[in-house]
Amino acid sequence: MNKRDVDVAIIGAGTAGMVAYQRVAKKTDRVVLIEGEQYGTTCARVGCMPSKLLIAAAERAHDLKSAGDFGVLAGDVRIDGRLVMQRVRAERDKFVAPVVRSMEKLPEEHRLMGHARFLDAHRLEVGDHTEVRADRIIIATGSRPNIPGIFKEARDRLIVNDDIFDWQDLPDSVAVFGPGVIGLELGQALSRLGVKVHLFGVSGGIGGLRDEKIRDYALKTFSEEFAFSPKTETRRVERTDGGVQITWLEDGKEHQETFDYLLAATGRRPNIDNLDIQNAGIELDDRGMPEFDPYTLRCGDSHIFIVGDVNNHRPLLHEAADEGRIAGDNAAAYPEVQTGLRKTPLAVVFSDPQIASVGLTIHQVDEKCRGCFAVGEVSFENQGRSKVIGKNRGLLRVYGEHGSGLFMGAEMFGPAAEHIAHLLAWCAQKRMTVSDMLEMPFYHPVIEEGLRSALKDLNRNLKLGPEPAEGCMDCGPGV
Ligand SMILES: Cc1cc2nc3c(=O)[nH]c(=O)nc-3n(C[C@H](O)[C@H](O)[C@H](O)COP(=O)(O)OP(=O)(O)OC[C@H]3O[C@@H](n4cnc5c(N)ncnc54)[C@H](O)[C@@H]3O)c2cc1C
Ligand SMILES: NC(=O)c1ccc[n+]([C@@H]2O[C@H](COP(=O)([O-])OP(=O)(O)OC[C@H]3O[C@@H](n4cnc5c(N)ncnc54)[C@H](O)[C@@H]3O)[C@@H](O)[C@H]2O)c1
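Residues numbered from 1 in each chain as written. Chains lettered and ligands numbered in written order. Predicted model: local features only at pLDDT ≥ 70, side-chain atom pairs only at ≥ 80, totals over all residues. Heavy atoms only, no water.

In the annotation of an unreviewed UniProt entry, the chain is listed under the name Dihydrolipoyl dehydrogenase and assigned to Marinobacter vinifirmus. Comment text from UniProt for the chain, heading Sequence similarities (unreviewed entry), reads "Belongs to the class-I pyridine nucleotide-disulfide oxidoreductase family." (UniProt positions renumbered as here; feature names shortened; annotations may be inferred.)

In structure tokens form, the structure reads like this:
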């Protein structure tokens, strides 16, 4: 067994671990970044990037199929699944390669391959070859798909997101379980690429939406596009000659259908259970998760930090990077530990229409303002620019606090939500009032004019602004 002694050991070379490494390496040469499987990160290999590549192909197909609405006749649209997947894999590889190269450029003594587990609070066993003693340790081990036991009956036809991006061709049919972010993005993309998709949920939710009015709108919209059963109970999953047969209960009736594959998109679980974390000497909650401070990423008052998806706080790429930065600085400066800036919550689902949430959810606003808040809303069905481009579906709801007039949060299902959400997040982080936001410029004709309508509605409901004028003559037509 080799022995290493370092100031800081980082477990997991994903986004959070790599960013943490960069920060630590500025302060000490006695650092090691440990990776148990492969370099390249979840985001580039099997997450953000390949999923957006598949969605991009689906968007092209959808645009072609709906071009007739504009008098543009594309003829019969044929989707070549082999070519679709070839581009997904090729472009994915181009995102992965530079990440792998940047890892391989690190000094050899700074990186170690092998699965790490805690022997005690300061010692890690890596693979069966190295024992690392570290003054400080950063856990950055990410997450993996959570697969309910019943799905295992699908055997070789059970897949998770990782598998899709290595496909050589598109299958005929997929049962997608989990209408959360991953299931919705991948399910809709596959459906638009000609795969027969049935999306199954358990709780009636969709894409993480919390605002019931928007959720109901989104449920109705997606149900019109592909087979979608938001509230079901899975009775049986069987591997048959024809594929995988699913038997489920919905609206009190039993249904049965056979698919080529069963995609489990039923949430992700933190990679904490493979670390022998009980040996680390830190406080664990009743699910075996370390207690930690989201502003310092420190576990209790220990020398151990936890960052990225593994802490399950905000499992998103930009948050993993922020957490890596904060924990890296703190591990390097330890025992001096400082709080870092946590940005306004911002999440986008790349469905069509897109889903976005910013700041506090409606329930959190209610709690924080003790009921003293108002909601402004706009439908995109009659919004000028959205109608022009044929994307006039959706709803935006913005929340503000009575008295202060502060903008608190928003949820949106609609066109260009990824962009509107950024504007809103920036305003929330700058603690702007709804009146401040309305003083900003709005071009014409743009989708942001819909945002202005929602903000005006909110200001009126906060009793801070006038009744919005019918048609808004100073704004131009179709706002
Ligand atoms: C399909 C999909 C789509 C997504 N799309 C988006 C998106 O559009 N936008 C967005 O913001 N986020 C998205 N995400 C989430 C985003 O990918 C993650 O939040 C982010 O990649 C987490 O980074 P991380 O560093 O925490 O984990 P990872 O990148 O997973 O890194 C963890 C590393 O730790 C290693 N490891 C685990 N256990 C051990 C051990 N015991 N010893 C040594 N090494 C170990 C793993 O092998 C892995 O390399 C998506 C995720 C998925 C799955
Ligand atoms: N665009 C993005 O930013 C993006 C994209 C993909 C993933 N992500 C990240 O990855 C995380 C995980 O995504 P996810 O979609 O795996 O989790 P999720 O928590 O968003 O969704 C899981 C869904 O599965 C449902 N479910 C649970 N058990 C089920 C069962 N037995 N049958 C049917 N449905 C079941 C849940 O009710 C929920 O709707 C997200 O929270 C997000 O942070 C982000």
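Under the defined criterion, the tally for this structure stands at 0 disulfides. With no disulfide of its own, C427 lies 17 Å from the sulfur of C369, the closest cysteine sulfur. The exposure class of C427 is buried, given its relative accessible area of 12%. (Disulfide = S-S within 2.5 Å. Buried < 20%, exposed > 50% of the residue type's maximum accessible area, 1.4 Å probe, protein only.)

Moving on, we get to the packing of helix α3 (residues 48-65) against helix α6 (residues 181-192). Following both chains from N to C, one finds α3 and α6 inclined at 40 degrees, their axes separated by 8 Å at the closest point. Here α3 is positioned oblique relative to α6, judged by the angle of their axes. Between α3 and α6 the crossing geometry is left-handed. Residues S51, K52, L54, I55, A58, A61, H62 and K65 of α3 form the contact with α6, whose participating residues are E185, L186, A189, L190 and R192. The residue makeup of the contact of α3 with α6, split by class, is 7 nonpolar, 2 polar and 4 charged. (Axes fitted to C-alpha atoms, helices over the stretch in contact; angles between N-to-C directions. Helix = DSSP H or I, 4+ residues; strand = E, 2+ residues; numbered from the N terminus. Parallel < 35°, antiparallel > 145°, perpendicular 65-115°, else oblique. Left-handed = near helix turned anticlockwise from the far one by under 90°. Contact = heavy atoms within 4.5 Å. Nonpolar A, V, L, I, M, F, W, Y, C, P; charged D, E, K, R; others polar.)

Here we come to the UniProt feature "binding site: FAD" (unreviewed entry) in the chain. In the numbering used here, UniProt assigns the "binding site: FAD" (unreviewed entry) feature to K52, T141, G142, S143 and D309. In summary, the annotated positions, distributed over 258 residues, remain apart in three dimensions as well, the widest C-alpha pair reaching 23.1 Å. Inspection of the secondary structure puts T141 in the loop between β6 (130-139) and β7 (143-145). If sequence neighbours within four positions are ignored, T141 has contacts with I11, N271, L275 and V310. Polar contacts involving the side chain of T141 include one to the main-chain carbonyl oxygen of N271, which spans 2.7 Å. Following the sequence through the fold, G142 ends up in the loop between β6 and β7. (Polar contact = N/O pair within 3.5 Å; in protein donor to acceptor, adjacent residues only side chain to side chain.)

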